[in-house]
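# Close look at the chain arrangement
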Amino acid sequence: MKRIETDILVIGGGATGTGVAWDAALRGFRVVLVEKRDLTHGTTGRYHGLLHSGGRYVVKDPHSAAECIAENRILRKTHAHCIEDTGGFFVVTPEDDNDYPDRFHAACQRLGIPCEEISVAEALKREPLLNPRARRVFVVPDAAADSFQATHSTAQAARHAGARILTYHEVVQLIAEGSDGARRVVGARVRDVARGEDVEIRAAMTINAAGAWAGQIARTIGVRVDVIPGKGTMIAVNHRIINTVLNRCKMPADGDIIVPIHTVSVLGTTDVHVQDPEHLTIEPWEVELLLREGEQLIPGVRRARFVRAWAGVRPLYQEHYSGATRDVTRDFTLLDHHTRDGVAGFLTIIGGKWTTFRLMAQVTMDKACEYLGTCKPCLTATTPVPGAEHGHYWLGHRLREVEEHHLQNELVCECELVTRTMLENAARNNPTLTLDDLRRDVRLGMGPCQGGFCTYRAVGILHELKDEGRKTNDEGETWEVATMQSPAHNQRSAISGQRSPLAISPFTNSNLLLRDFLQERWKGLLPILWGQQLKQERLDELIYLALMNADHLPDKDARSPMSDFYARPGVVTTADHRPSVGIEEARDE
Amino acid sequence: MSDVIVIGAGLAGLMAAYYAARAGERVKIVAKGLGATHWHAGTVDVLGYYPTAATPVARPLDTLRDLTRAQPQHPYALADGALDRALQDFVTLMQEVGLPYAGATSTGDNLWLPSPLGVARPTFLAPRAQRAGDLSRPEPMLIVGFQGWRDFYPTLIAENLNKQGHRARAELLPLDLISARRDVNTVQLATALDDPARVESLAAALRKVVQPGERIGLPAILGLDAHVTTLERLETQVGAPIFEIPTLPPSVPGIRLTNALRNRLRQLGVRIEINADVIGFRAEGDRVMWIESEASGRPLKHRAEKFILATGGILGGGINSDHTGKVWEVIFNLPLVAPANRGQWFRAHFFDPEGHPIFRAGVAVDREFQPIDARGARVFTNVWAVGNVLAHCDPVRERSLEGIALATARCALTIDH
Amino acid sequence: MHTTSWHSVGMTLDECIKCNICTAYCPVAAVTDKFPGPKYAGPQAQRFRESGQLQSPDFSVDYCSACRVCNEVCPSGVRIAEINARAKAQIVAERGIPLRNWFFGRNEQLGRIGSIAPHLANLGFHNPVSRYLAEKIMGVARHAPIPRWSTQGSFRKWFFSTPRLKSDKKVVYFHGCSTNYYEPCVGKAAVIVLEHLGYEVIVPPQNCCGLPMLNNGEFPAAEKLYRSNLEKLVPYADKGYPIIGTSVSCVLVLREEASEMLDLENEATRQLKAAMWDMMEWLRDLRERGELDMNFRELKMVLPYHVSCQARAHRMGRPALDVMTLIPGLDVREGNAKCCGLAGTYGYKVEKYEIAMKVGEEAFRFVRAQGDEVRFTTSDSEICRWQLEHGTHKACRAPIEIIAAAYGLYDLDKRQPI
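Report follows, based on the coordinates. (Residues numbered from 1 in each chain as written. Chains lettered and ligands numbered in written order. Predicted model: local features only at pLDDT ≥ 70, side-chain atom pairs only at ≥ 80, totals over all residues. Heavy atoms only, no water.)

Right, let's get into the overall build of chain C. The secondary structure content of chain C amounts to 21 helices and 10 strands. Whereas a compact globule of 418 residues would reach a radius of gyration of roughly 22 Å, chain C reaches 21 Å, a difference of no more than 12%. Across its three principal directions, the C-alpha atoms of chain C cover 60 × 50 × 40 Å. Taking as baseline every contact in chain C between residues at least 6 positions apart, the subset at least 24 positions apart corresponds to 76%. Carbon and sulfur atoms make up 55% of the accessible area of chain C, which totals about 14800 Å². (Helix = DSSP H or I, 4+ residues; strand = E, 2+ residues; numbered from the N terminus. Rg over C-alpha atoms; globule rule 2.2 N^0.38 Å. Contact = heavy atoms within 4.5 Å. Areas by Shrake-Rupley, 256 points an atom, 1.4 Å probe, with all protein chains shown as cover.)

As structure tokens, then:
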């Protein structure tokens with residue numbers, strides 16, 4: 001079995017895990033990070049994209065709120081390119097009028113969160129679709145964050161400082177030595193999913209940043225970490241109907257936020273205690289709730305075109321908790337297993353929010369340093385990751401670059417302005433077992449047609465690339481991941497002849513890529529499929545079935561590590577709506 | 001004032017107008033925009049898979065007997081024999097307009113042609129330009145594409161053809177053989193190949209790469225207005241059989257078909273008004289007096305004795321839906337057969353061979369193809385419905401889109417043919 | 001430009017299913033790479049535009065000619081041309097408007113100034129040196145068919161200095177700049193037909209409809225003109241008088257485009273929409289009510305009819321065709337060309353002139369195919385008439401001139417009332 005020796009083993013490739021790897025690498029440690037699937041497969045890739053100002057928690061969870069505003073300021077510098085400075089409103093709708101707004105405002109002042117009240121007329125000028133019956137509006141420094149770009153950039157920063165990031169490497173078993181009461185974790189046995197081989201990784205300190213799966217990881221050595229998985233469902237409107245984050249000014253509740261992120265507007269979210277963090281289903285009542293609550297902020301939104309629905313699981317943690325998930329603390333917890341469970345060399349960092357990932361990593365590595373006997377300072381707060389030098393994200397940047405550099409003929413995913421070179425570069429440099437991996441890198445298939453045109457093109461392009469060489473590469477040094485979403489930068493690197501070895505798994509079958517991605521897209525469409533989007537899907541069906549006959553592609557039995565994941569139904573299909581006037585009883589089958 | 005107004009300019013609408021004009025009626029077509037012919041293969045699919053997408057059909061007209069028995073409300077069942085004659089009419093008509101269609105060499109068999117993924121796809125009638133792709137022919141195939149052109153992938157096509165037991169290999173030629181433009185879609189490439197000089201340069205390049213005994217598969221871009229001469233020239237100059245493979249929309253074969261039909265209809269005096277979005281109608285009792293389309297000022301009234309609804313179902317925009325699960329027919333608000341609630345619209349898998357129940361939603365009709373309500377009573381005395389707007393079928397899943405369009409168009413208006 | 005309501009044209013981007021039908025039919029994308037197509041520039045790019053951005057991300061949308069063929073063929077109802085127009089306006093709002101385009105917008109003023117001394121103005125503009133200089137300095141294509149000022153005075157001058165019919169039946173006539181200053185004969189033909197049908201014609205004070213400003217993205221100025229026209233015309237709408245225009249472009253702006261592009265809708269705009277008629281649309285309506293004088297003389301000729309894209313944009317059918325086919329002996333042949341190419345001010349721009357001529361080739365070819373004996377062609381819009389004459393060297397007349405001639409009231413060759 002292959003064996004790797006390192007100082008720090010980080011389990012989990014989300015914001016927290018990559019943050020820990022970054023922090024550790026900057027402190028001079030050797031780091032290996034393992035993620036069982038693609039980076040951000042877990043919660044980080046499934047949230048609405050909010051960079052908290054902290055306003056949401058000022059009344060309910062002031063400690064958390066204070067952390068948010070501090071980290072908000074830091075991330076705007078270290079991860080500038082991942083953040084769109086949208087600003088945020090806290091809106092008092094007719095349903096919300098009570099004493100909360102004043103408490104909110106006062107608490108913001110107390111905690112140093114900039115909070116300025118503006119007139120409703122002014123708010124409507126900035127956001128014309130806002131509920132004109134709103135009573136009061138407060139402006140806070142919320143922003144929209146691209147967690148895919150951020151995690152990749154953090155990982156790249158870690159790599160630059162010497163870390164190894166291994167995706168599609170799944171922990172099978174933590175390795176512990178010693179006997180009860182005096183055990184020590186010395187590493188983990190990990191499965192390279194693409195090659196089907198096991199790897200043993202030995203480390204002085206193992207950090208469990210596996211989020212919703214943290215409990216499963218700890219359980220492999222009998223340590224109990226009861227993660228409280230709080231599922232949240234989100235639905236996205238096809239385009240930017242707002243450009244400012246809209247929050248309801250009240251105690252945090254379901255459906256009280258709308259986030260403008262990239263080319264969509266996300267309505268969120270619910271909070272449902274679930275058992276399995278892997279296979280989440282979206283129930284009709286959740287969609288109905290989001291639409292109903294959304295109407296309070298943007299009247300008419302329920303008639304908008306929705307393009308996507310997804311759910312993520314909050315890895316909530318509170319020692320000895322037994323209430324509703326909505327009320328579990330959003331604060332994060334560092335579990336020192338040595339003092340807690342008599343198991344040394346093992347830390348779990350859990351809970352928190354995306355906004356505080358850097359702080360979580362800092363706290364974790366400070367503790368790790370204590371144990372490792374070195375006291376190197378944390379550098380992450382003042383070290384911008386690659387890409388931050390480009391400044392904040394703005395919505396029009398891809399269009400601007402395509403226009404300036406005349407890249408129209410290069411477009412593969414026309415909806416999201418993804419060029420062929422962006423796709424090829426991402427495929428060459430990030431291990432790509434599914435098109436969904438590429439989607440996270442460059443936004444393939446994330447627009448209105450949901451892969452209708454670009455799935456075929458992407459599969460064809462990757463097929464042509466495969467002929468170039470069947471090497472895998474998990475280093476990706478020659479490509480700037482910070483610019484993976486920039487058409488212009490990718491064009492330059494293609495022109496300059498920088499070609500890195502192919503990172504696509506040799507086991508990836510083109511027909512499988514296509515089938516898996518279409519199923520993956522379908523899964524996220526079912527909960528919101530009606531009206532124009534239903535018409536879109538019927539066109540996509542016409543293309544892939546009637547024209548391409550894709551349901552009869554060879555290699556029917558081929559499977560990727562994600563095939564079963566996509567195949568599990570993501571919706572509850574039992575009837576939950578009252579039929580309205582005009583519908584005949586189904587006399588068909 | 002017209003005798004007949006057809007709403008919708010897809011294949012069903014155009015053919016319904018054709019039959020009415022041929023029978024001497026004054027016909028007008030009113031359509032919001034152009035239709036699904038622009039997105040599909042330009043072939044006539046009659047029945048590719050039955051009873052589910054898992055079972056291919058070898059001889060559709062034979063299988064139709066089983067279908068008629070098992071699904072007596074299917075449009076084919078209601079059309080009862082009209083399909084046969086409709087297909088013959090279509091072949092005759094397309095011959096007349098200079099864009100001949102034909103079926104498999106063994107009459108009655110489905111024709112299996114390569115799809116843009118290289119999968120064998122079943123169809124019944126194909127235009128001349130696609131015929132040499134018949135997968136029952138033994139010649140090995142050379143699939144040719146163009147470097148950097150995003151809408152066609154010969155290596156993938158060839159690989160999949162090989163996996164299905166056909167012999168195929170791939171070549172990529174430079175795109176500037178056809179067009180010096182940077183940004184091209186199928187229509188622009190096809191227009192470029194209307195030029196004999198371009199055809200010559202393509203032919204020269206093909207001659208260099210083709211091997212004796214091979215037939216050459218190209219994306220469906222072989223000319224638009226001058227398609228017939230372009231194809232002939234190419235075959236002559238290359239000296240090998242050539243076939244087109246339709247690819248991502250816009251569909252050039254579909255546009256050729258639509259243009260040929262529209263020209264013929266104009267010659268027959270049919271008025272075609274595109275960009276007429278019907279927003280209302282007026283009925284007196286059970287008779288529709290006029291429909292109204294949106295205009296820049298006042299809506300435009302269209303009066304007629306008879307109305308044929310050919311609006312294309314969910315795909316064509318003839319049927320709409322919303323988040324409550326409500327489904328409705330957009331012109332006349334005809335009663336629909338549809339799943340009772342949203343929870344029953346879909347199956348979990350995109351490729352489920354049974355398809356998704358919502359796409360079977362549509363207008364129910366009687367044997368005269370006049371819309372009926374839940375009790376079986378005719379809703380209007382002077383309205384007919386044809387094509388993809390009909391209930392009890394899934395033309396995409398079945399691969400019966402054009403067959404249903406042709407058969408039902410022939411049945412509208414109860415014309416004595 | 002950010003959408004301001006659920007009714008804004010920008011919202012129609014959600015109807016788009018990316019089917020590419022619009023791109024397949026766009027006559028500009030067919031001939032040049034500079035315009036990547038209506039789907040790209042319209043609903044697709046719209047998802048990347050929002051107000052308050054540091055800069056507009058657009059460049060290529062400038063090459064949209066606003067012919068609206070995309071709207072015509074779209075099966076989903078996306079208002080592509082309007083989305084493009086608003087994007088152009090955003091560019092102008094940020095980067096300012098080139099002097100040339102500013103001049104184009106001042107059609108009304110230019111017309112008035114030139115009409116003071118039309119011979120001089122024509123001499124000054126229509127000589128090779130001026131055209132060359134205009135191209136080099138201002139970017140106005142030297143070969144583009146700019147119109148000549150009427151040397152017989154403006155339409156309004158003629159109208160107010162000749163005895164006109166008084167009657168209980170009244171209609172209001174909106175002439176527009178080009179009829180007033182360049183083609184007063186069209187206005188004269190309209191008036192004599194209306195009077196022949198027994199109507200008193202009222203010609204109120206009116207402004208330029210603002211189309212050149214709308215097409216070049218100068219929205220604030222266009223809005224001023226629109227509001228001024230509303231003030232001047234709505235009182236007649238209130239009285240129940242039909243407001244008739246012979247310029248399909250002006251009528252389109254006043255009935256629909258100004259309101260949609262400027263995102264301005266209120267009681268007044270709705271009233272104007274309801275009261276305005278295109279001349280041929282109104283005659284067709286008369287015919288349907290049995291009130292149209294059917295006493296036409298025979299006009300025996302082949303008449304190729306290029307349907308202006310602006311006329312098609314009205315979605316009112318083919319009223320010119322419906323009425324002209326009533327004339328005995330007249331062999332009207334409807335062409336299917338998508339656009340003559342000139343498209344408002346588009347083909348006048350030096351960087352777009354070649355594109356316009358390539359686009360128009362389809363229309364020129366159609367006319368040529370009708371035979372050498374053809375003496376006249378017809379087209380709804382003055383822009384098309386100038387472009388067709390430029391591209392085919394055959395005289396082009398407005399449909400109302402044909403009707404006036406068929407009533408025996410008008411000389412098609414001399415272009416004046418008999």
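This part covers empty space enclosed by the protein. Rolled over the atoms, a probe with the dimensions of a water molecule shows which regions are left empty. All names here are of chain A. Considering only enclosed or pocket space, the largest cavity measures out at about 720 Å³ in volume. If you go around the largest cavity, you meet 45 residues; those closest to its centre are Gly45, Arg46, Arg308, Trp310 and Arg439. Elements supplying a minimum of two residues to the lining of the largest cavity: helix 5 (147–160), strand 16 (264–268), strand 18 (306–316), helix 12 (435–442), helix 15 (510–523) and helix 17 (563–567). For the lining of the largest cavity, the leading source of residues is strand 18, giving 7 residues. (1 Å grid on protein atoms, 1.4 Å probe; cavity = no way out; pocket = protein on both sides within 12 Å on 5 of 7 lines; lining within 4 Å. Points joined across faces, edges and corners; volume = space filled by probe spheres on them.)

Residues and elements named next belong to chain C. Running from N to C, helix 4 (residues 80–95) and helix 14 (residues 248–261) point in directions that differ by 50°, and their axes come no closer than 10 Å. Comparing their axes, helix 14 and helix 4 come out oblique. Of the two possible hands of crossing, helix 4 and helix 14 adopt the one that is right-handed. Touching Glu82, Ala85 and Arg86 of helix 4 are Glu257, Glu260 and Met261, all from helix 14. The residue makeup of the contact of helix 4 with helix 14, split by class, is 2 nonpolar, no polar and 4 charged. (Axes fitted to C-alpha atoms, helices over the stretch in contact; angles between N-to-C directions. Parallel < 35°, antiparallel > 145°, perpendicular 65-115°, else oblique. Left-handed = near helix turned anticlockwise from the far one by under 90°. Nonpolar A, V, L, I, M, F, W, Y, C, P; charged D, E, K, R; others polar.)

Attention now moves to the pairing of strand 9 (residues 215–219) of chain B. Residues and elements named next belong to chain B. Strand 9 sits mainly inside the fold: 5 of its 5 residues count as buried. A two-sided burial pattern is seen for strand 9, the buried positions comprising Arg215, Gly217 and Pro219 on one face and Ile216 and Leu218 on the other. Pairing geometry for strand 7 (residues 141–146) and strand 9, over 3 bridges, is parallel. Bridged to isoleucine 143 within strand 9 is glycine 217. In this sheet, strand 10 (residues 242–245) lies alongside strand 9 in parallel orientation, the contact comprising 4 bridges. Within the sheet, the bridge partner assigned to glycine 217 lies in strand 10 and is phenylalanine 243. As a crossover connection, the stretch from strand 9 through helix 9 (residues 227–238) into strand 10 is right-handed. (Buried < 20%, exposed > 50% of the residue type's maximum accessible area, 1.4 Å probe, protein only. Pairing = 2+ DSSP bridges. Right-handed = clockwise from strand over helix to strand, strands pointing away.)

It is worth spelling out the packing of aromatic side chains at this point. Two aromatic rings are characterised by how far apart their centres lie and by the angle between their planes. According to the stated counting rule, one finds 31 aromatic pairs over all chains in the structure shown. Each ring, one from phenylalanine 281 of chain B and one from phenylalanine 332 of chain B, has its centre 5.0 Å from the other, and the planes form 80°; the classification is edge-to-face. Of the two residues, phenylalanine 281 of chain B is situated in strand 12 (residues 278–284) and phenylalanine 332 of chain B in the loop between strand 16 (327–329) and strand 17 (336–337); the sequence distance between them amounts to 51 residues. Taking the relative accessible area as the measure of exposure, phenylalanine 281 of chain B reaches 29% and is therefore partly exposed. On the basis of relative accessible area, phenylalanine 332 of chain B is assigned to the buried category, the value being 3%. On the basis of an interplanar angle of 35° and a centroid distance of 5.9 Å, the ring pair of phenylalanine 155 of chain C and tryptophan 158 of chain C is categorised as tilted. In this pair, phenylalanine 155 of chain C and tryptophan 158 of chain C both sit in helix 9 (residues 155–161), 3 residues apart, roughly one turn of the helix. Here the two residues phenylalanine 155 of chain C and tryptophan 158 of chain C agree in accessibility, since each one is buried. Among the aromatic residues, those joined into a ring-pair cluster are Trp522 of chain A together with Trp345, Phe346, Phe350 and Phe351 of chain B. (Phe/Tyr/Trp six-rings, centres within 6.5 Å; stacked < 30°, edge-to-face > 60°.)

Coordinates in, geometry out; function isn't part of it.
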